[in-house]
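Listed below are the residues making up each chain.
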Amino acid sequence: DMGRIAIDSYNTKLSAWEPMVEPWSILATINSYMDQTSIKLNSTVVMLVNFTPPLISGLYKLSTLMQSYYMVNVLEIEGEEESPYLRKTNPLMINNQTGIPINYWWNDDATDVMSLGEGECPLHIKSSHRSQVAAQDINFMISLQIQEDGYDVIRDIDIHTVDTIIISDICSKNKSIRVVVDISDKGGCKVVTIRSDHTIANYTDTQIEVNIESYEGVSKHMMILPYENIGVPLSLAVHDSFNLYFRPSDEYEYTQWHESMESILISRVDKSNERWICNVSIKEKRTHGMFDFSIVLRPVLIIENGFASIIRCQAFDIVSTIKPGCEYHETLSVQSISIQLPGFEWSEPIDLFRKPGTIPIVIFDEGGRPLNIYADITRVNTSIHFSFYSKYWLLNHTGLNIYYKSSKKSKTLVGQDAPDMFPIPDEDPLNWYSDDMRNYYGDEGPKNILYHGDNGIMIAVEDSAFSKKFPLGITNNGMVTIENKVNDCIYMMQIKVSPARYKFWRTSIARFYPAFILVNKMDLVLNYSQSGTKTFAIPPKSQAPLHWFEAKEIRQLILTPGENYNWTDGIDISQLGVFKVKLTSNNDNSDIVYLFVEIKNVENIIHVSIDINVEGMVLHKLKNDTEFLLRVNQDKCDEETYIEPFTEREIYWQIPQLTSHDMVLTVIRDNVDSITKIVHFDIIGKKRPLKFKKEKRKINAEIYVQEITKTLVLTEEIDWRDSVSPEEEEVEPHTLLEFMLKLEGIHISVADQQPRELLFITIDDIEFIVTDTTKTRCIEFFIDKFQIDNQLYLTPYPVIFYSHPVKNRKFLELCLVRDTTVTSINCFKYFAVAIQAMDICIDQIFLVSVIEYWTYLSKFLDFLLGKDEMQKLLDGECFNVLEYKDEENSPSQFYYFEIFHINATLARISFKTAQRKYDNISASTLDYIFKFGAFFANVERAPISFNALLLEHPFSGQDDFTNRIINHYRWEVVSQTYKIIGSVDFLGNPVSLVNSLGTGVYSFFHEPAKGIVSSPKDFGLGIAKGTTSLLKNSIYGVFDTTSKITGSVTKVGELLSFDKNYKRERDLARQKEAKHVGEGVAFGIRDLGIGVFKGVTGIVAEPVKGAKKGGGLGFLKGVGRGLTGVVVKPANGAIDLVTRTAEGIKNTTTYFDDKDKKRVRLPRYFGASTLLIGYDPYLAEGQKILYSLKNGKYYQESYVYHNFTSNKCILVSTLQLYILSKSNLLASSWAIDFHVFLTRISYTRKVDTVDKIIIQIEDINTGLLSNRYIQVGSLDESVKNEMKEILYENVGSNQEYILKRQIDNEVKNIQSYIANNEPNPEIQEVIDERTPMMKEGYLVKRGGKRHNWQKRWFVLDQGKMIYLDKPGSKGKKKGEFTLEGSQVKTVDTFKKRSFVFSVEAVGRIYYMQATSEREKRLWMDACVSQGGIGA
């Protein structure tokens, strides 16, 4: 037993461990006897693997840390001086920003006290802890003390976590001082920062001087570096009792900032018009019930350069230069800017204060030609972000002077007029590799990159005609042909379009390459030509782009090495492969050389590699082990070769590029041709023997492969019946190693960035067997079940990929047998794979979610991995004419199979448009496509069959072999497109109807015929099976078509109703299909009732809604909708009754077939913390109940707890309490009896000697508060404690204390509002019983005299509002006022403050600010309940 295995990954954002591989175990058995070994690994526990974005981030950070930084043993670092690399080489740092020196020590060694003034230093782990660190059980707890009288010791700071700890009552001399210990993760380094509860954050690229002055005259001057966050010294950070003065440098005046100011405008000392500006805001973070304040400085405008060259930005008369991929913070007070690219004029002024979005900008070159560029405008926090970019970059890697234009009528693109930009290319391609062509990088950016703003491109070379328009798109690959009729030549270019990476992701890069590269690997000059008229030469060990310089000739190459050899025949360089060509000298036929030619596709560019007399590069050989002379020649060729007895010789092909290599073999006996036979050289193995007439003699022929050489061996036998002696008999191979891995299953959970579980992949009953013998290696792989579940809620298809089980067959069966006696190539005797038929069901919600997740991952990885690649491009390292890389010079890998077999299979494709009203999925292009194509896009069970692929004796390179497989299945899909079109809903799914009827009729005759062969009993069973199949398939096909046609009619009715809400509600209802006829009838009756109700009530309701939204015109539109709806909606309901009933009848026929087609498990519960924990089915069940209520209306809430009592369920979310009961219509769903926000729960008490919870409810019409009583029973003590914690955690932090006090003091025996033992809890409503609400917590109050805002602790009780400087008995009372008769109102006159309300008491108006809209409403309700009057 290898023990339990578990792997956790660290979530740096939450500073917690998450399970990557949940606890799992496996048993290993090893047996060995003589030279045989058996290894068996067996696990009966399913392996659960969790895949999350934090895991990807963690793995990347780990690899980066290991690759980029040298390893430092932090246990031995003592007293190292500060350096820029401290955070890279130290896992722990401590930073003191209090303005006062501190002492700190590890908890387990209080005698070793360390000191730190202002600044940062490593937090060293003592060398005595090494063994504890290795065992990972060291206690990472420190304590510290500020070195000034009156400060208490801060003990037990756990630096394991990422957290912010606020300590109050720390200083006996000043109770208002609070110390913050901030533990954060910065680039893999844990930093412990000690500071005040006020910080200043500089998010500009300018160093800022700050002067802090207290009301008592104490001041502190500080310098804040760009992107630095520093704490206000403790001596000054006493609530709001200090003033702030800012300036960027001594050239500017200090300017005071007030809390009401959104930005600060600073004048120069010389009184010029130039002024410096930045945005200033206050960020309040609530931690453990206390506030942490940060004053944030941000630039008003951020300009990002998305071009490959510099851009210049002009504001007033000041011009700033921005490098590629960099940002510039505009700090001058301006309304507009202009930009300029090298070689272009300044743009028109661009208004900075426009709506976010993408705007086109036109700039002109020096010749007045326009270029369309774009600016992407976004608002990030308080800053306006301008990203300037071009839609395309054009990169020329051909070595030719290429001209571009967008269309036939347009001019050539801007930036191509400079005559010295490209030298005119020589006719000889070799001269394109001049040094001048490689140096494209100038002072202002790459000269070889042109900018383009159109989606298509046409190219020309010199004075040639322009090519056809090539569509660029975001990604694309293709070949372009350019004809130059003047020079009678044809240029062939390969165009590759791909998105740029890193910060240039808005742009796509179009690269232009030569379509062919000719590589001379010889030590001789390589001469090449198309017809012999124009000849070019490539020096030894060189290469050149290849184009056709004789347009009228056949596009084939002829080659010759050096000067003394004949030319080859024409070589078709578009035909991939490897071959050798024999050439003789012009003067001496005995002087022979052999050209080794390899043509292969490398990233869609054809490389033609030429070498000579390569040692070991023998492709074909004939070995004559007979006493006869042999004559061989290629079939249909006249060149003959003679092979003497008992010799061997290399074979060459006169026409090497034939698809089949057939050799004519002639045996010469006594100078007479005795036997002639054609041998297929491509088929490896034994051939039919060559027999002599009237003699018991034969010549055996066999082709075998050694390394890359195919050898035909001829041997002679006198009597084939007695020719094999006992000692020559083939020895049976025996087993050397047997390895078997058997797993119960692997389940993979994939979570997205929100996070939520997106996919759950189930792979069950896995077997992997490897058997090594003396001659072969056999690999077998089996998967019994493979399923992919859609773990999103409220989607039509909970199962994406499913295969119906087949008796005695597994979902995947694979067998591969390799011949280990052949080491030179990948030689396989047998390969076979079989995959069972599968259902693939995808809906719009899932598809959009997957695309968003993939986009997120792509951008994340692209940002991390694409920086270096783009930097090389910007540095001019990627502009050379494409060259053949060294690693591409190695010969291709070859594969040979005696039998290659992929069995036939079937995929049934379904797709359904759907929408989820309450989802977080953002609108995308795909959403809009589905919105307008929903009527045509729904497809159900379109049958795409994949015929078997059977190859006998294939022998080719990896690329060629892969292309053969891809092309086979590509054609299978393309040729069956009609099935997808014929399966759409609006046509009634005719393909399904025909298939169903055909299957039923076939089974009706086939099953009895199959049974009659066996026995009369099987004949009877066959009749029963056939009849059942005929009925089932006929009913399915007919009622499926009926439901589809009637469903399409109702969609037309939805459009005619002109009611978007009505259509959305019907879309949501349609997403759940009826599983059987009972559900079909129930759904139909429900939809009929809804249609009649909405149609009748809409006559009144629609005009009222229209009038509220659009006044008189809206009223008229509402009247139109109401009159239309009274006809359309009931009619739709009636048709729905038919549709749903037909749907139920159809699905009844497959109910038992699909009973196992369901999720393997419910979607994982994350909760409000978003931390991934081990899977808990109880939590998943509660989450499902919450999200299924009212078609997902409460999808935005997070589940907390639930419990069942008989047919009731009481459920708690982060916002509300629900009491549920089983739906009368559908027993599988829950209906809401009662629900209330948790903030309305006031207290529990005994009413009429019965334990009840009192919940305060606000009447919608009157605004009065009334009570509801929920009766609860006695609970188990553990349940009480558990529910007490849930209650405290979810009613809001301001309510926590008051609820705890009320529950503990008034009804200690009632700890929960879950009825555990009492069935059917009763709910009684008591009308208009006014019960005062008690409340206390922090509010920010406006002062009566100085009008400054200060944080106070408020207590609301017995009709009074009392406010103190801090909570608890130590709090000092600052004031109070009476609520009786006071006006309680919402206030929105303070532009800088939100969530403000006022209480107009006797003689004064009190203004108070809450932390959120919800908190504000709670305080106002509480004030009204204590005697105030609501406005």
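As the structure is a prediction and not an experimental result, all values here were calculated from the model. (Residues numbered from 1 in each chain as written. Predicted model: local features only at pLDDT ≥ 70, side-chain atom pairs only at ≥ 80, totals over all residues. Heavy atoms only, no water.)

Notes on the overall build of the protein
Going by this rule: To qualify as a helix, a DSSP run of H or I must reach at least 4 residues; to qualify as a strand, a run of E must reach at least 2; elements of each kind are numbered from the N terminus. Burial here depends on accessible area, computed with a 1.4 Å probe over protein chains only, as a share of the maximum for the residue type. Under 20% is buried, over 50% is exposed, and the range in between is partly exposed. Contact between two residues is taken to exist if any of their heavy atoms lie within 4.5 Å; hydrogens are not considered.
Within the protein, the secondary structure is distributed over 16 helices and 88 strands. In the protein, which comprises 1431 residues, the proportion classed as buried is 49%. Long-range contacts, defined here as pairs at least 24 residues apart, represent 57% of the contacts in the protein between residues at least 6 apart.

Describing the sheet that holds strand S25 (residues 311–315)
Counted only if it meets this: Criterion used throughout: strands pair if DSSP finds at least two bridges between them.
The four strands lie next to each other as S26-S25-S28-S29, forming an open sheet whose pairing is antiparallel. The open sheet has two edge strands with one neighbour each: strand S26 (318–322) and strand S29 (350–351). Summarising the sheet, S25 and strand S28 (residues 336–340) pair through three bridges and their orientation is antiparallel. Its bridge partner lying in S28, Arg 312 is registered against Gln 340.

Here we look at the packing of helix H10 (residues 1016–1057) against helix H11 (residues 1060–1070)
For the record, the criterion: Helix axes are fitted to C-alpha atoms over the stretch in contact, other axes to C-alpha atoms as well, and angles between N-to-C directions run from 0 to 180 degrees. An angle below 35 degrees is read as roughly parallel, one above 145 as roughly antiparallel, one from 65 to 115 as roughly perpendicular, and any other as oblique. Amino acids outside the nonpolar list (Ala, Val, Leu, Ile, Met, Phe, Trp, Tyr, Cys, Pro) and the charged list (Asp, Glu, Lys, Arg) are all regarded as polar, and Gly is one of them.
As a packed pair, H10 and H11 sit with axes 9 Å apart at the nearest point and diverge in direction by 155°. One way to sum up the angle between H10 and H11 is to call them roughly antiparallel. Between H10 and H11, the contacting residues are Thr 1050, Lys 1051, Glu 1054, Leu 1055 and Ser 1057 on the first element and Tyr 1062, Lys 1063, Arg 1066, Asp 1067 and Arg 1070 on the second. By residue class, the composition of the contact of H10 with H11 is two nonpolar, two polar and six charged.

As for the pairing of strand S74 (residues 1208–1213)
Among the six residues that make up S74, six are buried, leaving the element largely enclosed by the rest of the structure. The two faces of S74 match: Lys 1208, Ile 1210 and Val 1212 on one face and Cys 1209, Leu 1211 and Ser 1213 on the other face are all buried. The sheet contact formed by S74 and strand S75 (residues 1216–1222) spans five bridges and is antiparallel. Across the sheet, Lys 1208 pairs through a bridge with Ser 1221, a residue of S75. Adjacent in sequence and paired antiparallel, S74 and S75 are bridged by two residues.

Digging into the environment of Asn 947
Residue position: Asn 947 is located in the loop between strand S70 (939–946) and strand S71 (949–952). Along the backbone, Asn 947 and His 968 are 21 residues apart, and their C-alpha atoms lie at a distance of 9.0 Å. Every residue in contact with Asn 947, bar those within four places of it in the chain, is listed here: Ala 904, His 968, Tyr 969 and Glu 972.

Re the packing of aromatic side chains
Selection rule: Pairing of aromatic rings covers Phe, Tyr and the six-membered ring of Trp, with a centre-to-centre limit of 6.5 Å; geometry is then stacked below 30 degrees between planes, edge-to-face above 60, and tilted otherwise. Put simply, a charge is over a ring when the Lys NZ or the Arg CZ is close to the ring centre, within 6 Å, and near the line of the ring normal, within 35 degrees.
Inspection of the entire model under this criterion finds 26 aromatic pairs. Positioned over the ring face of Tyr 1175 is Arg 1161, at 3.9 Å from the centre of the ring. Sitting over the ring of Tyr 1338, Lys 1351 keeps its end group 5.5 Å from the ring centre.

A word on the side chain of Ser 1398
Tracing the sequence through the fold places Ser 1398 in strand S86 (residues 1396–1401). Apart from residues lying up to four places away in sequence, Ser 1398 is in contact with Gln 1383, Val 1384, Lys 1385, Val 1387, Ile 1405, Tyr 1406 and Tyr 1407.

Some details on the environment of Asn 305
With respect to the helices, strands and loops of the structure, Asn 305 is situated in strand S24 (residues 301–305). On the basis of relative accessible area, Asn 305 is assigned to the buried category, the value being 1%. With 83 residues separating them along the chain, Asn 305 and Phe 388 place their C-alpha atoms 5.6 Å apart. For Asn 305, the residues in contact, after removing those within four places along its chain, are Ile 310, Ile 311, Ile 322, Lys 323, Pro 324, Gly 325, Cys 326, Phe 388 and Phe 504.

Regarding H11
Inspection of H11 places Tyr 1062, Arg 1066, Asp 1067 and Leu 1068 among the buried residues, and these make up the whole buried set. The inward-facing, buried residues of H11 abut H10 and helix H12 (1077–1149).

What about the sheet that holds strand S37 (residues 449–452)?
Taken together, five strands build an open sheet; the order of strands is S37-S33-S42-S41-S40 and the sheet is mixed. Bordering the open sheet on either side are S37 and strand S40 (476–484), each of which pairs with just one other strand. For this sheet the average axis-to-axis angle between neighbouring strands, irrespective of direction, equals 25°. One ladder, built from five bridges, connects strand S33 (residues 392–396) with strand S42 (residues 508–514); its direction is parallel. Among the inter-strand pairings, Trp 393 is bridged to a residue of S42, identified as Ile 509.

Concerning unusual backbone geometry
Pro 755 follows Gln 754 through a cis peptide bond whose omega is -5°. Counting through the fold element by element, Pro 755 comes out in the loop between strand S61 (735–751) and strand S62 (757–773). The phi dihedral of Met 34 is positive, around 55°, even though this residue is not glycine. Mapped onto the fold, Met 34 is located in the loop between strand S3 (27–33) and strand S4 (36–43).

Digging into H12
Filter applied, for reference: Expected helix span is taken as 1.5 Å per residue step, with the number of steps being one fewer than the number of residues. In this scheme, the bend at a residue equals the angle between the axes fitted to the seven residues that finish there and the seven that begin there.
An ideal rise of 1.5 Å per residue puts 108 Å on 73 residues; H12 reaches only 10 Å between its terminal C-alpha atoms. By the largest-angle criterion, Gly 1110 marks the main kink of H12, which is about 150°.

Describing the nonpolar core
What counts, and what does not: For the purposes of this section, nonpolar cores are sets of buried Ala, Val, Leu, Ile, Met, Phe, Trp, Tyr and Cys residues that join through side-chain atoms within 4.5 Å.
In terms of nonpolar packing, the biggest core is built from 52 residues, with Leu 394, Tyr 404, Ile 457, Ile 459, Phe 512, Leu 595 and Ile 610 touching the most fellow members. With seven residues, strand S41 (residues 489–499) is the single largest residue contributor to this core. Those residues within four positions of Ile 457 in sequence are excluded, and the remaining contacts are Leu 394, Tyr 404, Lys 405, Leu 413, His 452, Lys 468, Lys 469, Phe 470, Leu 472 and Phe 512. One finds Met 47, Leu 759, Phe 828 and Phe 961 within the second-largest nonpolar core, a separate group that totals 44 residues.

Points about the confidence of the model for the protein
Quick note on the threshold: As a per-residue measure, pLDDT tells how confident the predictor is, with possible values from 0 to 100.
When the pLDDT values of the protein are averaged, the result is 77; 80% of them are 70 or greater. Taken together, the stretch residues 434–442 has pLDDT below 50 and engages in 21 contacts with residues farther than four places along the chain or on a different chain. Low pLDDT, under 50, characterises residues 1269–1331; the stretch is placed with 146 contacts to residues that sit more than four places away or in other chains.

What to know about a positive patch on the surface
Put simply, the rule reads: Patch criteria: residues need more than 30% relative accessible area and no salt bridge. Like-charged residues are merged within 9 Å; nonpolar side chains of Val, Leu, Ile, Met, Phe, Trp and Tyr are merged within 5 Å. Surface exposure here means Shrake-Rupley accessible area, sampled with a 1.4 Å probe, where a residue is shielded only by the protein chains that are shown. Put simply, a salt bridge is a Lys or Arg side-chain nitrogen that is within 4 Å of an Asp or Glu carboxyl oxygen. Positive residues here are Lys and Arg, negative ones are Asp and Glu, while His and the chain termini are left out of the count. A charged residue contributes its charge at one atom only: NZ of Lys, CZ of Arg, CG of Asp or CD of Glu.
On the surface, Lys 1072, Lys 1075, Lys 1158, Lys 1184 and Lys 1222 cluster together to form a positively charged patch. Mapped onto the secondary structure, Lys 1184 falls in helix H13 (residues 1177–1188).

What about the environment of Ile 1219?
Note that Ile 1219 resides in strand S75. Under the relative-accessibility criterion, Ile 1219 is labelled buried at 2%.

Focus on the side chain of Lys 1351
By the secondary structure assignment, Lys 1351 is in strand S82 (residues 1349–1357). No salt bridge is formed by the buried Lys 1351. Its closest oppositely charged neighbour is Asp 197, at 5.1 Å. Apart from residues lying up to four places away in sequence, Lys 1351 is in contact with Arg 178, Phe 291, Phe 293, Tyr 1338, Leu 1339 and Val 1340.

Considering the pattern of salt bridges
Counted by the stated rule, this structure contains 34 salt bridges. A salt bridge links Glu 253 to Lys 271, with the shortest nitrogen-to-oxygen separation between them at 2.5 Å. Residue Glu 253 is located in the loop between strand S19 (242–247) and strand S20 (255–257), and its partner Lys 271 is located in the loop between strand S21 (263–267) and strand S22 (275–287); the two are separated by 18 residues in the primary sequence. Looking at Glu 253, the relative accessible area reads 29%, which means it is partly exposed. Each of the salt bridges in this network shares a partner with another, and the network as a whole consists of Glu 22, Glu 757, Arg 1161 and Arg 1164.

Thoughts on a nonpolar patch on the surface
There is a patch of nonpolar side chains on the surface, built from Ile 1012, Val 1013, Phe 1019 and Ile 1023 and spanning about 370 Å² of accessible area. Of all elements in the fold, only helix H9 (990–1014) and H10 reach the threshold of two or more residues within the nonpolar patch.

Regarding the packing of H11 against H12
Contact geometry for H11 and H12: axes closest at 15 Å, N-to-C directions at 30°. Classified by the angle between their axes, H11 and H12 sit roughly parallel to one another. Contact residues: H11 offers Tyr 1062, Glu 1065, Arg 1066, Ala 1069 and Arg 1070, while H12 offers Arg 1086, Lys 1094, Lys 1129, Asn 1132, Asp 1136 and Arg 1140.

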